[in-house]
Amino acid sequence: MKSIVKGSEPVSLLQHRQAQHSNFDNFEDKDLLREALVAEQRGLCCYCMGRIRPSSESMKIEHWRCQANYPDEQLRYRNLLGACKGGEGQRDRHQHCDTRKGNRDLRLNPAESAHQVEAHIRYAVDGSILGNDPEFDCQLNDVLNLNLPLLKQQRKSLLDGVLGWWKAERNRLKTSVPRDRLIRKRDKYMDGSGQLGPYSQVAVWWLNQRISR
């Protein structure tokens, strides 16, 4: 999970919210909303960081605070996120992200800057995602199911790649990898205005740990 910088909401959503008898179900411009969410999330699911595309077949429009319990927030743009399909239609143990979450609450919103979600997360060498406090760690596992074996393996594969690069550089240089080289490598996972690579935040997190030492 990584922080999301919200952009400007689609004008059609603003206009719909200001109209009488408006709700999310009767909002007709969901295609444009999907495009806005995917663009600001740079092509990644708000929770697992897998690839999403702006179509109903590829993604879901997630309400961080669910419509059932928070109807007043169903059209609030800062409450809307782009999520993957999350094993929709499969057994509960194979579901993740919004599909698994349902109407349950999360303590941290990746699109709320005050929550600083990246500061509450770390990763293990086996690809596990871990919360830095018991409540959030429980939510990552029980509410979002982000340590589903498939997701762990995807994160581990990316982490193995950056670890392999670091070890090769260390062996080539015959010394520790310089800080500026670590920064350049990290920035390759972050740079540009286009899409990010799936799970790229795992590499960013690990490289930041090395940079800060």
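In the block above lies the structure referred to throughout.
The model shown is predicted, which means the values in this text are computed figures rather than measured ones. (Residues numbered from 1 in each chain as written. Predicted model: local features only at pLDDT ≥ 70, side-chain atom pairs only at ≥ 80, totals over all residues. Heavy atoms only, no water.)

**Student:** What should I look at first to understand the packing of helix 5 (residues 149-173) against helix 7 (residues 200-211) in this one?
**Tutor:** A pair of packed helices can be characterised by two numbers: the angle between their axes and the separation between those axes. With their axes 8 Å apart at the nearest point, helix 5 and helix 7 run at an angle of 40° to one another. Here helix 7 runs oblique to helix 5, going by the angle between their axes. Regarding helix 5 and helix 7, the two cross each other, and that crossing is right-handed. For the pair helix 5 and helix 7, the contacting residues are R155, L158, L159, V162, L163, W165 and W166 in the first and S200, V202, A203, W206, L207 and R210 in the second. Split into classes, the residues belonging to the contact of helix 5 with helix 7 amount to 10 nonpolar, one polar and two charged. (Axes fitted to C-alpha atoms, helices over the stretch in contact; angles between N-to-C directions. Helix = DSSP H or I, 4+ residues; strand = E, 2+ residues; numbered from the N terminus. Parallel < 35°, antiparallel > 145°, perpendicular 65-115°, else oblique. Left-handed = near helix turned anticlockwise from the far one by under 90°. Contact = heavy atoms within 4.5 Å. Nonpolar A, V, L, I, M, F, W, Y, C, P; charged D, E, K, R; others polar.)

**Student:** Help me understand the environment of V204 in this model?
**Tutor:** Structurally, the position occupied by V204 is in helix 7. Along the chain, V204 and K188 lie 16 residues apart, while their C-alpha atoms are 9.2 Å from each other. For V204, the contacting residues outside a window of four places in its chain are R186, Y189 and M190.

**Student:** Got a minute to help me understand the packing of aromatic side chains in this structure?
**Tutor:** The way to describe two aromatic rings as a pair is by their centre distance and the angle between their planes. Tallied over the full model, the rule gives two aromatic pairs. The interplanar angle of 75° and the centroid separation of 5.7 Å between the aromatic rings of Y123 and W205 together place this pair among those described as edge-to-face. One end of the pair, Y123, is in strand 3 (residues 121-123); the other, W205, is in helix 7, and 82 residues separate them in sequence. Seen from their ring centres, W166 and W206 are 5.5 Å apart, and the 70° between their planes marks the pair as edge-to-face. Of this pair, W166 sits in helix 5 while W206 is found in helix 7, placing the two residues 40 residues apart along the sequence. On the accessibility criterion, W166 (10% relative accessible area) is buried. For W206, a relative accessible area of 12% puts it in the buried group. The ring of F24 carries the charged tip of K30 above its face, separated from the ring centre by 4.7 Å. A cation over a ring is seen here: R170 above W166, with NZ or CZ 4.3 Å from the ring centre. (Phe/Tyr/Trp six-rings, centres within 6.5 Å; stacked < 30°, edge-to-face > 60°. Buried < 20%, exposed > 50% of the residue type's maximum accessible area, 1.4 Å probe, protein only. Lys NZ or Arg CZ within 6 Å of the ring centre and 35° of its normal.)

**Student:** Is there a simple way to explain the pattern of salt bridges in this structure?
**Tutor:** Once the charged atoms of two side chains with opposite charge are near each other, the side chains can pair. All told, the structure shown has 18 salt bridges when counted by the stated rule. With its nearest N and O atoms 2.3 Å apart, the salt bridge here joins R107 to D133. Pair noted here: R107 is in the loop between helix 3 (97-101) and strand 3 and D133 is in the loop between strand 4 (129-131) and helix 4 (134-143), with a separation of 26 residues, a long-range link. On the basis of relative accessibility, which here comes to 29%, the residue R107 falls in the partly exposed class. Three or more residues are tied together by salt bridges with common partners; here these are K60, K85, E88 and D98. (Salt bridge = Lys/Arg side-chain N within 4 Å of Asp/Glu carboxyl O.)

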